[in-house]
Amino acid sequence: MLIILIVLVILVAAAFALTAVQAAAIERRFPNIGTLTDVGGYRLNALHVPAGDKADLPPLVFIHGASGNLRDQEAAFLAPLRGRAEMLFVDRPGHGYSERGGHQNDTPDGQAAAVARLMDAYGMKRAIIVSHSFGGAIAASFAVFHPEKTAGLVFLSPATHPWPGGVDWYYSLAAKPVIGWLFTRLVALPAGMMLMDGATKAVFSPNHRRDRYVEEGAPALVLRPATFRANAIDVFNLNAYVNRIVPRYRKIKAPTVIITGDRDPIVLEEIHAQGLARDISGSELVMVHGLGHKPDYVVTDLCIAAIEKVAGLERDLQATARSAESRLQQSGAPAKPAVGVTIERN
């Protein structure tokens, strides 16, 4: 029995050490490209890009989804929008290089408040909020609680409404106080590294994943123990939170566009995107046939047209969507997501 105990201790210590070494390697591979700013007792990380001399759009704030970080939206939108607007790409609390803060950030309203304080720190009075996936719940909460700062809303494959069922087991496990701490330091990172290629392909499914997405979007940052746990808490709490907040979406008056695909393997568009279109009066729903969960990368031109329309420019989004459909290519990647990417479990 003593020998078995010693062997177990050695194995656990080795797993802890392996996680620490791999987490450090991930941070060397994907160093911080933003700036940390105090937002009330903790620091939020963001990449701030000033507007150009010929800017034609209002300020833009980008909010990433579950398992993401600011690089996810930065890699999609910075190059095509550079110079056209002041832009703020945010690491949500506990993600990327942002500190988690207190328990208020365990739900989207707290994270929306953090983004509002960050905007104040940068002198951004109002902005169009561009959000992807889980970020949609934060953007909707931002519009509910901070309407004076909301110039418009662009939702990309949003997760914003209650759904039947729960979340995948690893979220529930990682969110637990003690066993979750152990899970993220013993299992999640090495398992996630092995599954990363398939997981990211599943997020894009049925479309092709961008060739350099794993490098440009830095999804491996979510596998670090504290970040994986923060992500799990976010997702684990989401369904109960949106059950409470959905009735307040009807108060949103900001110009709104919702872009979604009918082949999304991560969130059910008929619940979330259609629910938002129903709840936000005057919003425009743009359905792209054959599109999965990543309109930000797969139909970037449509997303930018949506930003332009929310800003007041004339754009025919339905026509742009039909044009985008003709370009979509099917990857053949399995749509079943792997560790760290799915939100719903029916």
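### Describing unusual backbone geometry
- Residue Pro206 follows Ser205 across a cis peptide bond; omega there is 10 degrees.
- Residue placement: Pro206 occurs in the loop between α7 (188-204) and α8 (213-216).
- With a phi close to 65 degrees, Ser67 is a non-glycine residue in the positive phi region.
- Inspection of the secondary structure assignment puts Ser67 in the loop between β3 (60-63) and α2 (70-81).
- A residue is classified by how much of its surface remains accessible, and Ser67, at 10% relative accessible area, is buried.
- At Ser133, a position not held by glycine, the phi torsion is positive, near 55 degrees.
- With respect to the helices and strands, the residue Ser133 is situated in the loop between β5 (127-132) and α4 (135-145).

### As for the side chain of Asn231
- Tracing the sequence through the fold places Asn231 in helix α9 (residues 225-245).
- Residue classification places Asn231 among the buried residues on the basis of a relative accessible area of 2%.
- A polar atom in the side chain of Asn231 sits 2.7 Å from the backbone nitrogen of Ser67.

### A word on the side chain of His146
- Relative to the helices and strands, His146 resides in the loop between α4 and β6 (150-156).
- In this structure, His146 is in contact with Ala112, Ala113, Ala116 and Ser141, ignoring residues within four places of it in sequence.

### Remarks on the nonpolar core
- Grouped together as the largest cluster of nonpolar side chains are 66 residues, with contacts concentrated most on Val61, Val90, Ile129, Phe155, Val242 and Tyr249.
- Grouped together as the second largest cluster of nonpolar side chains are 40 residues, Leu47, Val49, Leu78 and Leu328 included.

### Observations regarding the packing of aromatic side chains
- Counted under the stated rule, the structure contains 9 aromatic pairs.
- An angle of 70 degrees between the planes, with centres 5.9 Å apart, marks the rings of Trp169 and Phe183 as edge-to-face. One end of the pair, Trp169, is in helix α5 (residues 169-174); the other, Phe183, is in helix α6 (residues 179-186), and 14 residues separate them in sequence.
- With centroids separated by 5.2 Å and ring planes inclined at 90 degrees, the aromatic side chains of Tyr213 and Tyr297 adopt a geometry described as edge-to-face. Taken together, the residues Tyr213 in helix α8 and Tyr297 in helix α11 (residues 295-298) connect sequence positions 84 residues apart.
- You can call Tyr213 buried: its relative accessible area is 7%.
- Through a chain of ring-to-ring contacts, the aromatic side chains of Trp169, Tyr170, Tyr171, Phe183 and Phe228 assemble into a single cluster.
- When the ring centre of Tyr97 is taken as reference, the NZ or CZ atom of Arg224 above it lies at 5.1 Å.

### A look at empty space enclosed by the protein
- Applying the stated criterion across every chain, the model contains 2 cavities of 30 Å³ or more.
- Quantified by volume, the second largest cavity comes out at close to 40 Å³.
- What lines the second largest cavity is Pro31, Asn32, Ile33, Asn69, Leu70, Arg71, Asp91, Gly96, Tyr97 and Leu221.
- Residue composition of the lining of the second largest cavity, grouped by class: 5 nonpolar, 3 polar and 2 charged.

Conventions we followed
Residues numbered from 1 in each chain as written. Predicted model: local features only at pLDDT ≥ 70, side-chain atom pairs only at ≥ 80, totals over all residues. Heavy atoms only, no water. Helix = DSSP H or I, 4+ residues; strand = E, 2+ residues; numbered from the N terminus. Buried < 20%, exposed > 50% of the residue type's maximum accessible area, 1.4 Å probe, protein only. Polar contact = N/O pair within 3.5 Å; in protein donor to acceptor, adjacent residues only side chain to side chain. Contact = heavy atoms within 4.5 Å. Core = buried A, V, L, I, M, F, W, Y, C linked by side-chain atoms within 4.5 Å. Phe/Tyr/Trp six-rings, centres within 6.5 Å; stacked < 30°, edge-to-face > 60°. Lys NZ or Arg CZ within 6 Å of the ring centre and 35° of its normal. 1 Å grid on protein atoms, 1.4 Å probe; cavity = no way out; pocket = protein on both sides within 12 Å on 5 of 7 lines; lining within 4 Å. Points joined across faces, edges and corners; volume = space filled by probe spheres on them. Nonpolar A, V, L, I, M, F, W, Y, C, P; charged D, E, K, R; others polar.

Scope: geometric values only; no functional claims are made or implied.
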